[in-house]
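# Report on the structure
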Amino acid sequence: FFNMSEHDFHAVKQFLTVAFGATGHEVPLSDLAAFVTEECADHVGTTCKSDGETSDPYAFTTFLPVAFSKNRPFCSAIRAFLLSKATPAFAAALE
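One structure accompanies this document, and this report is about it. (Residues numbered from 1 in each chain as written. Predicted model: local features only at pLDDT ≥ 70, side-chain atom pairs only at ≥ 80, totals over all residues. Heavy atoms only, no water.)

### Side note on the side chain of Ser 55
Our working rule: Only DSSP runs of H or I with at least four residues qualify as helices, and only runs of E with at least two residues qualify as strands; both kinds are numbered from the N terminus onward. Between buried and exposed lies partly exposed: a residue is buried under 20% and exposed over 50% of the maximum accessible area for its type, with that area taken using a 1.4 Å probe on protein chains only. Identification of polar contacts relies on pairs of N or O atoms within 3.5 Å, with a donor-acceptor requirement for protein atoms, meaning one able to donate a hydrogen and the other able to accept it, and with residues adjacent in sequence counted only if both atoms are side-chain atoms. Contacts between residues were defined by any pair of non-hydrogen atoms, one from each residue, lying within 4.5 Å.
The residue Ser 55 is located in the loop between β2 (46–48) and β3 (59–61) in this model. Its relative accessible area of 13% is what places Ser 55 among the buried residues. Of note is the side chain of Ser 55, whose polar atom sits 2.7 Å from the backbone oxygen of Gly 52. Those residues in contact with Ser 55 that lie beyond four places of it in its chain are His 7, Asp 8, Lys 49 and Ser 50.

### Overview of the nonpolar core
In summary, soluble globular proteins display a tendency toward joint burial of nonpolar side chains. Basically, it comes down to this: Here, the term nonpolar core denotes a set of buried Ala, Val, Leu, Ile, Met, Phe, Trp, Tyr and Cys residues that are joined through side-chain atoms within 4.5 Å.
Core analysis: the largest hydrophobic core is formed by 17 residues, its most contacted members being Val 12, Leu 16, Phe 20, Val 27, Leu 32, Phe 74 and Ile 78. Listed by contribution, the elements that provide at least two residues to this core are α1 (9–20), α2 (29–39) and α4 (73–85). Element by element, the count of residues in this core is highest for α2, at six residues. Non-local contacts of Leu 32, meaning those with residues more than four positions away in its chain, are made with Leu 16, Phe 20, Val 27, Leu 64, Phe 74 and Ile 78.

### Section: the packing of α1 against α2
This is how it is decided: Axis lines are fitted through C-alpha atoms, for helices just across the contact stretch, and the angle between N-to-C directions can take any value from 0 to 180 degrees. For classification purposes, an angle smaller than 35 degrees is called roughly parallel, one larger than 145 roughly antiparallel, one from 65 to 115 roughly perpendicular, and anything else oblique. By the definition used in this description, the sense in which the near helix is turned from the far one sets the handedness, with an anticlockwise turn below a right angle giving left-handed and a clockwise turn giving right-handed. Charged means Asp, Glu, Lys or Arg here, nonpolar means Ala, Val, Leu, Ile, Met, Phe, Trp, Tyr, Cys or Pro, and polar covers whatever is left, Gly included.
Packing of α1 against α2 brings their axes to within 9 Å, and their N-to-C directions diverge by 130 degrees. Overall, the two elements α1 and α2 adopt an arrangement that is oblique. The way α1 lies across α2 gives a crossing that is right-handed. Between α1 and α2, the residues in contact are Phe 9, Val 12, Lys 13, Leu 16, Thr 17 and Phe 20 and Leu 29, Ser 30, Leu 32, Ala 33, Ala 34, Val 36 and Thr 37, respectively. Tallied by class, residues from the contact of α1 with α2 come to nine nonpolar, three polar and one charged.

Below, the structure is given as structure tokens:
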């Protein structure tokens, strides 16, 4: 396990592309990957790597602190993505 770093940007972006689908549901994945690997890296997040700190991760985990990210375009796009996947009743309750 290693701390997240800017070196992990491309791998994190690829993971996000898979997670959000090919279209990314309008989520600006580059902005999100940069936020995760650069701004959040000092506070939260870890990568799993098999060949040392400079190798590409095969997994990562992080947390998006809403207080720091709520005004960023990716935050509203993630919200829209999650609401699109929720049942209509659940989505209505959240809005």
